[in-house]
Amino acid sequence: MLRREFLRLTGGTCLVHAGMVVAQTQPQPEEGLDTLARRTGRRFGFAVQPSHADKEPVRSLLQQHAGVITAELAMKWNIMSNLLGAPDYRAADQVGALASSLGAALRGHTLAWHQSTPAYLTNAAPEQFVTAQTAHLQALMQRFKGRIHTWDVLNEVIDAAAADHQGMRQSVLSRLWGTDRYPALFELARAADPSAKLAYNDYGMEQDEPWCEARRSVLLRMLEAWVKRGTPIDVMGLQAHLDLSRRFSAQKLLRFFNDLQAFGLSIQITELDVRDASNPGGVAARDEAVAALYKDFMDACLSHPAVEMVVMWNVTDGDSWINRWNQGQRRTDGLPQRPLLFDAQGLAKPAFHTVTASLGDATVKFDMKKASNG
Ligand code: XIL
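Residues numbered from 1 in each chain as written. Predicted model: local features only at pLDDT ≥ 70, side-chain atom pairs only at ≥ 80, totals over all residues. Heavy atoms only, no water.

**Comments concerning the pairing of strand β4 (residues 68-71)**
Inference 1: Of the two faces of β4, the one lined by Val68 and Thr70 and the one lined by Ile69 and Ala71 are each fully buried.
Inference 2: Inspection of the sheet shows strand β3 (residues 43-48) paired to β4 by four bridges, in the parallel sense. When the sheet's bridge partners are listed, glycine 45 is paired in β4 with valine 68.
Inference 3: Pairing between β4 and strand β5 (residues 105-113): three bridges, direction parallel. (Buried < 20%, exposed > 50% of the residue type's maximum accessible area, 1.4 Å probe, protein only. Helix = DSSP H or I, 4+ residues; strand = E, 2+ residues; numbered from the N terminus. Pairing = 2+ DSSP bridges.)

Pasting the structure below:
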């Protein structure tokens, strides 16, 4: 039996025992995660790099579970452009082709972000920067016109600690584009591809910590001002890089969702994973704790009609950005973190089963009319 067929039949779960692959006795759903999400009008997907997506186990897992594809790196400005000549769209095109081959929706990520601004523009004059950012946005949107479900127009411009700047991050974007002109990015994007939904995307809003509360307040203030002036924004993208060391309150998250919904926005969970850097214990205990937070988070999200999709940031623990050398906190025991639904071999972890159960048990449908307050 092909591995893909095997994974399909077992819901992606198997054990390697004495060199033999043995199905776990627990019955597994045959439906993939996106199929389950569609039951309530939602979509489920993954961020990928082409170099991982065409190898096992990621390839089979995407075939079984992906209804949305985001390019982890390939659509970022600094990845496709440098000083030397025309932008290189090859990796972005590969991700676009992957989404088409899977019949998955494509998320565009991201048109403007301080971290993906090409280095050669950091010291540009403001007029030069505005011309370059505008041309980049228009060219990239033109290339993918009609094929993008949602574009992340603007990424991570909030820094609640920047009290002197109304909580707006001070960066190359604020300096050379201007915080008061962020809405203009959405206007340019709407004109470039009217068929794409337009999102603002950010992190650190999902958990129950004072700094998250501060970030939520700044965000809501910023969105209120944008909506008042008629900014064409459709979606709030919540990255949801969750962390076991932070508290979680479903009640507070749902109150925040209501606030977003009141602005007429739908909500997309755009970069979900769960860090377990500071959780003690063995792998089994860590996996249970990670699964429990996934359950609480997913159950809350799926109980709200404005939540329209859930996208994981990478597919397996082996390809997770969190385990790459330069990404954040390391575990003191030196072991890699276990932030995703599948382990490095592509085997389903407890978190896969809780997410499957949350999707399977969901009854509240995504409802754009309710989401847009209509
Ligand atoms: C990350 C990638 O996963 C890393 O490989 C890269 O080094 C930096 O960017 N928020 C975002 C994503 O919006 O684009 C980031 O992706 C993760 C945090």
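Following the structure, the description resumes.
**A short note on the packing of aromatic side chains**
Inference 1: On inspection of all chains with the given rule, the structure shows seven aromatic pairs.
Inference 2: Arranged with centres 5.7 Å apart and planes meeting at 70°, the rings of phenylalanine 44 and phenylalanine 46 form a pair that is edge-to-face. The residues phenylalanine 44 and phenylalanine 46 share a single accessibility class, namely buried.
Inference 3: Centroid distance tyrosine 200 to tryptophan 226: 5.7 Å. Interplanar angle 90°. Geometry classified as edge-to-face. Within this pair, whereas tyrosine 200 is found in strand β7 (residues 197-202), its partner tryptophan 226 is found in helix α10 (residues 210-228), the two being separated by 26 residues in sequence. Here tyrosine 200 matches tryptophan 226 in class, with each residue buried.
Inference 4: Linked through ring pairs, Phe186, Tyr200 and Trp226 together constitute an aromatic cluster. (Phe/Tyr/Trp six-rings, centres within 6.5 Å; stacked < 30°, edge-to-face > 60°.)

**Side note on the site of the ligand**
Inference 1: In the vicinity of the ligand there are 14 residues, among which Glu72, Lys76, His109, Asn155 and Glu271 approach most closely.
Inference 2: Glutamate 271 is positioned such that a nitrogen or oxygen atom in its side chain is 2.8 Å from an oxygen atom of the ligand.
Inference 3: Computed on the free molecule, the ligand has an accessible area of 410 Å², of which 85% lies beneath the protein chains in the complex.
Inference 4: Residue composition of the shell around the ligand, grouped by class: four nonpolar, five polar and five charged. (Near = heavy atom within 4 Å. Polar contact = N/O pair within 3.5 Å; in protein donor to acceptor, adjacent residues only side chain to side chain. Areas by Shrake-Rupley, 256 points an atom, 1.4 Å probe, with all protein chains shown as cover. Nonpolar A, V, L, I, M, F, W, Y, C, P; charged D, E, K, R; others polar.)

**Here we look at the side chain of aspartate 317**
Inference 1: As for its position among the elements, aspartate 317 is in the loop between β11 (307-312) and α13 (350-361).
Inference 2: Since its relative accessible area comes to 6%, aspartate 317 is described here as buried.
Inference 3: Those residues within four positions of aspartate 317 in sequence are excluded, and the remaining contacts are Asn323, Gln337, Arg338, Pro339, Leu340, Phe342, Asp343, Ala344 and Lys349. (Contact = heavy atoms within 4.5 Å.)

**A word on the packing of helix α12 (residues 283-302) against α13**
Inference 1: Running from N to C, α12 and α13 cross one another at 20°; their axes reach a closest spacing of 8 Å. On the basis of the axis angle, α12 is roughly parallel to α13. The two elements α12 and α13 cross, and the hand of that crossing is right-handed. Facing α12, whose interface residues are Asp287, Glu288, Val290, Ala291, Tyr294, Lys295, Met298, Asp299 and Leu302, α13 presents Pro350, Ala351, Thr354, Val355, Ser358 and Leu359.
Inference 2: Along the lines of polarity and charge, the residues of the contact of α12 with α13 split into nine nonpolar, two polar and four charged. (Axes fitted to C-alpha atoms, helices over the stretch in contact; angles between N-to-C directions. Parallel < 35°, antiparallel > 145°, perpendicular 65-115°, else oblique. Left-handed = near helix turned anticlockwise from the far one by under 90°.)

**Regarding the nonpolar core**
Inference 1: In terms of nonpolar packing, the biggest core is built from 99 residues, with Phe44 and Tyr200 touching the most fellow members.
Inference 2: Among the elements that line this core, the one with the most residues is α12, at nine residues. (Core = buried A, V, L, I, M, F, W, Y, C linked by side-chain atoms within 4.5 Å.)

**Remarks on helix α9 (residues 182-192)**
Inference 1: The complete set of buried residues in α9 reads Tyr182, Pro183, Ala184, Leu185, Phe186, Ala189 and Ala192.
Inference 2: On its buried face, α9 is in contact with β5, α7 (126-143), β6 (150-155), α8 (172-176), β7 and α10.

Any link to function would need more than the numbers given here.
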